[in-house]
Amino acid sequence: MKTNNNAAFKAGAAPFALALALVSAPAFAQDATPQADTATEASDATAIVVTGSRIARPDLESSVPVSVVGQTQIQQTGAANIQDVLADLPAVGQNISRTSSNFSTTGNGQATVNLRNLGSARTLVLVNGRRFVPGLPGTSIVDLNTIPTDLIKKIEVVTGGASAVYGSEAIAGVVNFVLDDKFEGLRVRGQGNITDKGDAGRRLVSVTAGKSFANGAGHIVINGQYDKDDGLRSKERDFSARDIPNRSSFAAQGLFSPDGSFAPGAGTFTFGPNNQLKNYQSANIDGYNRAADRYLAVPVERYLGTLLASYDFSDKVTFFTELTYAKTKSRSRLEPQAVAYTDLAYADGSAFDGIPIANPFIPQAVRDAMIASGTDVLPFRRRSNDIFDRSNVNDRDTWRVMGGLRGTFGKSLNWDISYSHGETKDSTSSGTILAPLYANALNAVAGPNGPVCAINADADPSNNDPNCVPINIFGRNTVSSAAAAYVTNNGQRSTYDARVKQDVVTANLAGSLFSVFGASPVGFAVGAEYRREQSSEDFDTATNLGLTLGNQLSDTFGAYNVKEVYGEFSAPLLEDRPFFHYLGVEAAARYADYSTVGSVWSWKVGGEWAPVSDLRFRAVYSEATRAPNISELFSAQSETFPAVIDPCDQKAGGGDTAAISITRDQLPAACLAIPAIAAASSTANGFTYTTAQIQTINGFTGGNRNLNQEVAQTLTLGAVFAPRAIPGFSVTVDYYRIKVRDAIGIIGQQTSLDECLTGSGAALFCNNIIRDAAGRVKTINALNLNTGSYRVEGIDTQVGYRRAFSSSVSIDTTVRWTHLLEQSQTSFPGGPTQNELRQLDCYSCGRLGTGFRDKVNASTTINWNNFSLNWRVNYLSSVVDDNTSDTPISTGAVWYHEAQLRIGLDKAKKYEFYFGIDNIFDRKPPLFGDTNPVTFPGTRTSANTYDLFGRMLYAGFDVRF
């Protein structure tokens, strides 16, 4: 135990040691002060607007913690996609990304941001303080692939509820991309990436041009970006090159078991390398290595075009506009479809029980074994390598047009009004097999000129299919092109076409009012917003009907609108007095009227106190909301047939052959409260189910139009220390707590049965169950409900030090550290709470998934004349893998080091070359069991958390004219 405590102490102390080492080292600076990075331009030179509030302030402090990533910091990462920059921030959790979406049915290669690990749907993404069109159909989640990296002036991240200021989705916080709409000149950047193993290549070209016109009244900025990421195959890395723990028994040459056991030995057949019939030995010998086909990171190709423009009609009125277009191409790569005889059915719905013994392709030895086993059908398993490719091909287009006017009234009032329309089109397709056609082709008989389909040789002409071609699946590459064309209906593809439309009209008025006690004037902001969201997801007819061998999927169509008004004020109370260098309060409230959930209120209150100019304390409490999205409300309800056991069943789910094992006295009281069950349980046969009755229990999953909004209570308490005695040095420490209630989720069907009858008996569970007149369960639904809760609690620390030693030498250091105190979730009231942190006897360990006890991102840059050297460190504390063994194991902490050297060919650094290395020490990802729920198939690790590429090298040029 002492050893564990020692390890815990060392791991827990690591972030402190890292921060001290970097802060005490010489560091260097950008031209701006630390506070200046948090500013966003406003309409006058003395007031700025900080994300988290719409009130322009004369100082740069905010009661809401704001983490800022400036343009220089973005450039130092060498990132082509801005998601890679955000992923390093300690407040950002596990995102949808190119390394986690290979197995997604749709949306491969999408990029999202997930603050506090509360889900991307609870993070609001803004561009220049305004909503951006969603990229994931059915949600309000923005695809970061659509954000032009080189046009970003800074990123401002507010963690904690901000719904009172910005509306729904801001439960975990807000990410605001501030674009450089005043860029002057021409900038051209090009970059190439490749790993030290010679793979995972990436190319980027970006051109930005900006110019004023009409004697400075107008300004226009245009950016074009192209980048292509080649992706990474699983077979290129040792940790993902092989199926773990075993290969798949669904092999390309097929597996055939006359007795249906598929057990190794003389009764099960497969084929050797030369298509010689042999006895099946094991999956590791005769099986299929699926990892050889998969992607670790899917390839992504992007084309982006952005135009920002403004024109001053007068010194009081300015027109502004933003035009955005982004095309993203991606694809997945999966092993060919695995098919078993149980997956097939004939066109009339009757089951396909196996390959009929009359099929002339069956080898004689296999037919003899069938006769010996007394069966006339042959069960099989086979992979469809020689039939079709089921990997997805994605093509997504996003465009947005925004225009508006802004201006001033008098000296203290600023106003703006804007309208935006955005659309996302997502098209995905993949190859497929039509199950009824496959069944027809396998049901072959001998004909006068060779095998023919049985439906064309029987006495019933009504079932004939002149296109049917018998298929030979015995061995590798034995399927003819004609047979493959038939079972795929001449290459018919499964398709997914999605559309998202968003319209937003906003109007804001902000300024200053009167003063209180002689302090600065009270600031205020009021406004109104109308928003309409529309989304559709349309699968092909065969997928809707379940005729393919993929998932049966239903279409989703839905829309809603919301009308909102808000008000916000910030009131300085005392300034420049003993012990009250500043004292102020603020509050905000937002009322929203949704066409779906009705009236919703969000609000916040907060305050700041600076006893001296060097030290400031801040506190904010808010109630944030998230309205249900289109997918949660309107997704079609799909029928399922769950394997459940009714606690009232006196055979305990045993079906026809089981004996009664539960006496009437042992039945739950809730069962006996149902008259039909009470009566049946008193008879000799008891209350029981037949096997057929169990198998016909159905249920529906999907959307629920009766959902309500989620509600989050957030608290932030913090301090900012910027001593005048140490210019350029600052420390911020903020405690945060977010509690989400009425979170939208699904209650499992067996959970509903158990909780209704043997648990709380609440309507939340019992309302999901429908019984017939005899008391037997007929239907158990699992629709979206407001049932869950989340709790996140921690401490954010940020240290900055910037110092110029001379006109040619400076240092700039930033350390961001998040220490989690709690991360937990509960699926339903009274249900078990899943604690993501406290596991084993390791205080510093979190649970695999979301529970990094500590995450640190540190960066130090040294500038010397025309040279700039940046070194970055990311620290992820140990987590626990407790899903794959009886003895949970700790992964140990993970450190990633990155560096970049920039060389300017002139003093103004208009002509720069740069070289960088990511994951300098080639840190391999920690590996877990393949059955762990947070790993991705074939990776054996948390693919959206740890680096999968290894040492990455890149070089580029950045030229400005």
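So, how was this worked out
- Residues numbered from 1 in each chain as written.
- Predicted model: local features only at pLDDT ≥ 70, side-chain atom pairs only at ≥ 80, totals over all residues.
- Heavy atoms only, no water.
- Helix = DSSP H or I, 4+ residues; strand = E, 2+ residues; numbered from the N terminus.
- Rg over C-alpha atoms; globule rule 2.2 N^0.38 Å.
- Buried < 20%, exposed > 50% of the residue type's maximum accessible area, 1.4 Å probe, protein only.
- Contact = heavy atoms within 4.5 Å.
- Areas by Shrake-Rupley, 256 points an atom, 1.4 Å probe, with all protein chains shown as cover.
- Salt bridge = Lys/Arg side-chain N within 4 Å of Asp/Glu carboxyl O.
- Pairing = 2+ DSSP bridges.
- Phe/Tyr/Trp six-rings, centres within 6.5 Å; stacked < 30°, edge-to-face > 60°.
- Lys NZ or Arg CZ within 6 Å of the ring centre and 35° of its normal.
- Disulfide = S-S within 2.5 Å.
- Arc of directions from axis to C-beta.
- Patch = residues over 30% accessible without salt bridge, like charges linked within 9 Å, V, L, I, M, F, W, Y side chains within 5 Å.
- Lys, Arg positive; Asp, Glu negative; His and termini not counted.
- Charge placed at Lys NZ, Arg CZ, Asp CG, Glu CD.
- pLDDT = per-residue confidence, 0-100.
- Polar contact = N/O pair within 3.5 Å; in protein donor to acceptor, adjacent residues only side chain to side chain.

Let's shift gears to the overall build of the protein chain. Counting its secondary structure elements, the protein chain contains 15 helices and 46 strands. Over its C-alpha atoms the protein chain spans a radius of gyration of 31 Å, differing by no more than 12% from the 30 Å that the globule rule assigns to 961 residues. Dimensions of the protein chain, computed from the C-alpha atoms along their principal axes, are close to 95 × 70 × 65 Å. By residue count, 56% of the 961 residues in the protein chain fall in the buried class. For the protein chain, restricting intrachain contacts to residue pairs at least 6 apart in sequence, the fraction spanning at least 24 positions comes to 70%. Summed over all atoms, the accessible surface of the protein chain reaches about 38,300 Å², with 57% contributed by carbon and sulfur.

Counted under the stated rule, the structure contains 48 salt bridges. The salt bridge involving Arg131 is made with Glu529; its shortest N-O contact spans 3.8 Å. With Arg131 in strand β3 (residues 130-131) and Glu529 in strand β25 (residues 521-539), this pair connects stretches of sequence that are 398 residues apart. One exposure class covers both Arg131 and Glu529, and it is buried. Look at the salt bridges and you will find they share partners, linking Arg131, Glu169, Glu529, Arg531, Glu533, Glu564 and Arg590 into a network.

With that settled, consider the sheet that holds strand β2 (residues 123-127). Pairing is mixed in the open sheet, where 5 strands are placed in the order β1-β4-β5-β2-β3. At either end of the open sheet lies a strand with only one pairing partner, and these are β1 (66-70) and β3. Relative to β3, β2 is paired through 2 bridges, and the arrangement is antiparallel. Looking at the pairing, Val127 lines up with Arg130 of β3.

Per the counting criterion, the structure on display carries 21 aromatic pairs. Ring centres of Tyr591 and Trp601 lie 5.2 Å apart, and the angle between their planes is 55°; this geometry places the pair in the tilted category. With a gap of 10 residues between them, Tyr591 in strand β27 (residues 580-594) and Trp601 in strand β28 (residues 598-612) connect regions that are remote in the sequence. In this structure Tyr591 comes out as partly exposed when scored by relative accessible area, which is 26%. Linked through ring pairs, Phe213, Tyr311 and Phe313 together constitute an aromatic cluster. Between the NZ or CZ atom of Arg116 and the centre of the ring of Tyr736, over which it lies, the distance is 3.5 Å. Taking the ring centre of Phe262 as reference, the NZ or CZ of Arg381 above it sits at 4.1 Å.

Applying the stated criterion across every chain, the model contains 3 disulfides. Paired by a disulfide, Cys648 and Cys671 hold their sulfur atoms 2.0 Å apart. Residues Cys648 and Cys671 are joined by a disulfide whose S-S torsion is about -85°; by sign, that bridge is left-handed. Of this pair, Cys648 sits in the loop between β30 (638-640) and α11 (669-672) while Cys671 sits in helix α11; the two residues are 23 residues apart in sequence, bridging distant segments of the chain. For Cys671, a relative accessible area of 0% puts it in the buried group.

Glancing now at the environment of Thr691. Among the structural elements, Thr691 can be located in helix α13 (residues 691-695). The spacing of Thr691 and Asp656 is 35 residues in sequence and 5.5 Å in space, taken between C-alpha atoms. If we ignore the near neighbours within four places in the chain, the residues touching Thr691 are Gly655 and Asp656.

As a further point, take helix α7 (residues 435-442). Of all 8 residues in α7, 8 are buried; the element is thus mostly enclosed. Those residues of α7 that fall on the buried side of the exposure criterion are Ala435, Pro436, Leu437, Tyr438, Ala439, Asn440, Ala441 and Leu442. Elements in contact with the buried residues of α7: β16 (338-340), β17 (355-356), β19 (380-383), β22 (444-447), β23 (450-453) and α8 (481-487).

A positive phi is found at Asn117, a non-glycine position, where the angle reads about 55°. Secondary-structure assignment places Asn117 in the loop between α3 (82-86) and β2. Positive phi, close to 55°, is recorded for Phe517, a residue that is not glycine. Along the polypeptide, Phe517 turns up in the loop between β24 (493-515) and β25.

On to the pairing of strand β21 (residues 413-431), then. Two strands pair when backbone bridges link them, and strand β20 (residues 393-409) and β21 are joined in this way by 17 bridges, in the antiparallel orientation. Residue pairing in the sheet places Gly404 in a bridge with Ser418 of β21. Taken together, β20 and the strand that follows it, β21, pair antiparallel across an intervening segment of 3 residues, in which Gly410 is found at a positive phi of about 60°. Of the strand pairs in this sheet, β21 and β24 are connected by 19 bridges, and their pairing is antiparallel. Of the residues in β24, the one forming a bridge with Tyr419 is Val505.

Where helix α6 (residues 364-373) is concerned, the buried positions are Val366, Arg367, Ala369 and Met370. The buried side chains of α6 occupy one side of the element, clustering within an arc of 160° when seen end-on. Opposite the buried face of α6, at more than 90 degrees from it, the exposed residues are Ile371 and Ala372. Where α6 is buried, its residues contact β11 (265-271), β12 (277-280), β17 and β18 (377-378). Just past α6, the residue Gly374 takes up positive phi, approximately 75°.

For the rest of this paragraph, the subject is a positive patch on the surface. Residues Lys425, Arg499, Lys501 and Arg532 make up a contiguous surface patch of positive charge. Here Lys425 falls in the partly exposed class, since its relative accessible area comes to 37%.

Below, the discussion takes up the pairing of β28. Two elements, β27 and β28, share 13 bridges in a ladder whose sense is antiparallel. Bridging from a neighbouring strand, Tyr582 pairs with Ala610 of β28. The pairing of β28 with strand β29 (residues 615-626) spans 8 bridges and is antiparallel. Bridge pairing links Trp609 to Phe617 in β29. A loop of 2 residues connects β28 with β29, the two strands running antiparallel in sequence.

The next subject is the confidence of the model for the protein chain. Scored by pLDDT, the protein chain comes out at a mean of 89, with 91% of its residues at no less than 70. When the elements of the protein chain are averaged for pLDDT, helix α1 (residues 2-24) gives the smallest value, 39, and strand β14 (residues 300-312) the largest, 98. The low-confidence segment residues 1-45 (pLDDT under 50) makes 100 contacts with residues lying over four places distant or belonging to another chain.

Our next topic: the environment of Leu442. Structurally, Leu442 is set in helix α7. With a relative accessible area of 0%, Leu442 lands in the buried category.

Turning our attention to the side chain of Ser877. Tracing the sequence through the fold places Ser877 in the loop between β41 (867-876) and β42 (879-881). According to the relative accessible area criterion, Ser877 is buried, its value standing at 1%. Separated by 2.9 Å, the side chain of Ser877 and the backbone nitrogen of Asp854 make a polar contact.

By secondary structure assignment, the location of Asn102 is in the loop between α3 and β2. Residue Asn102 is classed as buried on the basis of its relative accessible area of 4%. Engagement of the side chain of Asn102 in a polar contact is seen with the backbone nitrogen of Arg333, the distance being 2.8 Å. Residues contacting Asn102, with those up to four places away along its chain left out, are Asn108, Arg294, Tyr295, Val298, Ser332, Arg333 and Leu334.

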